[in-house]
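A closer look at the structure
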Amino acid sequence: KWKHLFPVRILNRGKSYFYSGQVYDLEKKEHTLTAKVDGYDTYYVTIQLNEDEQSILHADCSCPYAEDHSYCKHEAAVLFAYDDQLRTESKEKEYEKFQIQILPQIKKAFTKNDYFSLMIIDKLAFPISTKHKCPNELLITSSHSDILM
């Protein structure tokens, strides 16, 4: 939705800054993103999005490159960070829904004599038909085993 606005070289450098953890203090108020990006110096980025947040209305960065060009790597880095934040929030909402609505239904669906395992992969649960030693044994194959306890 926004990547086409950046030259590939600038986009890749912004992605590198994001993955290197150089974006911090990312905030969103109304439809405006603000953040700091470490580079040669600390640069201040402000990006105004349209109402549906699908396109950029205006972007500003305190770096010298942004004075002469449309978009810079620091602005790209902030947009990568924001996209990542949106994905994380979406996964957290799905996970919360899973814990509140889906997991209790899965547990209720099995009777005392059923044998089952529940495999957790990336916070998603998959009931697996199996023949374990104990009825209702819960086999958890994830670092998120605390969600079922």
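Rules behind the numbers
Residues numbered from 1 in each chain as written. Predicted model: local features only at pLDDT ≥ 70, side-chain atom pairs only at ≥ 80, totals over all residues. Heavy atoms only, no water. Salt bridge = Lys/Arg side-chain N within 4 Å of Asp/Glu carboxyl O. Helix = DSSP H or I, 4+ residues; strand = E, 2+ residues; numbered from the N terminus. Buried < 20%, exposed > 50% of the residue type's maximum accessible area, 1.4 Å probe, protein only. Contact = heavy atoms within 4.5 Å. Polar contact = N/O pair within 3.5 Å; in protein donor to acceptor, adjacent residues only side chain to side chain. Pairing = 2+ DSSP bridges. Disulfide = S-S within 2.5 Å. pLDDT = per-residue confidence, 0-100. Core = buried A, V, L, I, M, F, W, Y, C linked by side-chain atoms within 4.5 Å.

1. Quick look at the pattern of salt bridges
Under the defined criterion, the tally for this structure stands at four salt bridges. Across the pair Lys36 and Asp25 runs a salt bridge, and its minimum N-O distance is 3.2 Å. Remark: Asp25 occurs in strand β1 (residues 23–29) and Lys36 occurs in strand β2 (residues 32–38); sequence separation between them is 11 residues. For Asp25, a relative accessible area of 43% translates into the label partly exposed.

2. Overview of the environment of Glu75
Structurally, Glu75 is set in helix α3 (residues 73–109). Non-local contacts of Glu75, meaning those with residues more than four positions away in its chain, are made with Phe6, Val45, Ile47, Ala59, Asp60, Cys61, Ala66 and Ser70. Of the polar contacts made by the side chain of Glu75, one reaches the backbone nitrogen of Cys72; its length is 2.8 Å.

3. Observations concerning the pairing of β2
Residues of β2 alternate between two faces, with Leu33, Ala35 and Val37 buried on one and Thr32, Thr34, Lys36 and Asp38 left unburied on the opposite face. Where β1 and β2 come together, five bridges link them in antiparallel fashion. Bridging from a neighbouring strand, Tyr24 pairs with Lys36 of β2. The hairpin formed by β1 and β2 contains two residues between the paired strands, and Glu30 there has a positive phi angle of roughly 55°. Pairing geometry for β2 and strand β3 (residues 42–49), over seven bridges, is antiparallel. Residue pairing across strands places Leu33 opposite Ile47, the latter belonging to β3. The loop that links β2 with its antiparallel partner β3 comprises three residues.

4. Some points on the state of the cysteines
One pass over the structure, following the stated rule, counts zero disulfides. Lacking any disulfide linkage, Cys61 is separated from the closest cysteine sulfur, that of Cys72, by 3.6 Å. Overall, the relative accessible area of 1% leaves Cys72 in the buried class.

5. A few points about the confidence of the model for the protein chain
Residues with a pLDDT of 70 or more make up 70% of the protein chain, whose mean pLDDT is 78. Under a pLDDT of 50 for its full length, residues 129–149 has, in the predicted model, 47 contacts with residues more than four places off or in other chains.

6. Notes on the nonpolar core
If you look at the biggest cluster of nonpolar residues, it comprises 28 residues, and the most contacted ones within it are Phe6, Ile47, Ile56 and Val78. It is α3 that contributes the most residues to this core, seven residues altogether. With residues up to four places along the chain from it excluded, the contact list for Val78 reads Val23, Leu26, Leu33, Ala35, Val37, Val45 and Ile47.

7. Quick word on the pairing of strand β4 (residues 56–61)
Pairing between β3 and β4: five bridges, direction antiparallel. Among the inter-strand pairings, Gln48 is bridged to a residue of β4, identified as His58. Hairpin connection from β3 to β4: six residues lie between these consecutive antiparallel strands, with Glu53 at a positive phi of about 60°.

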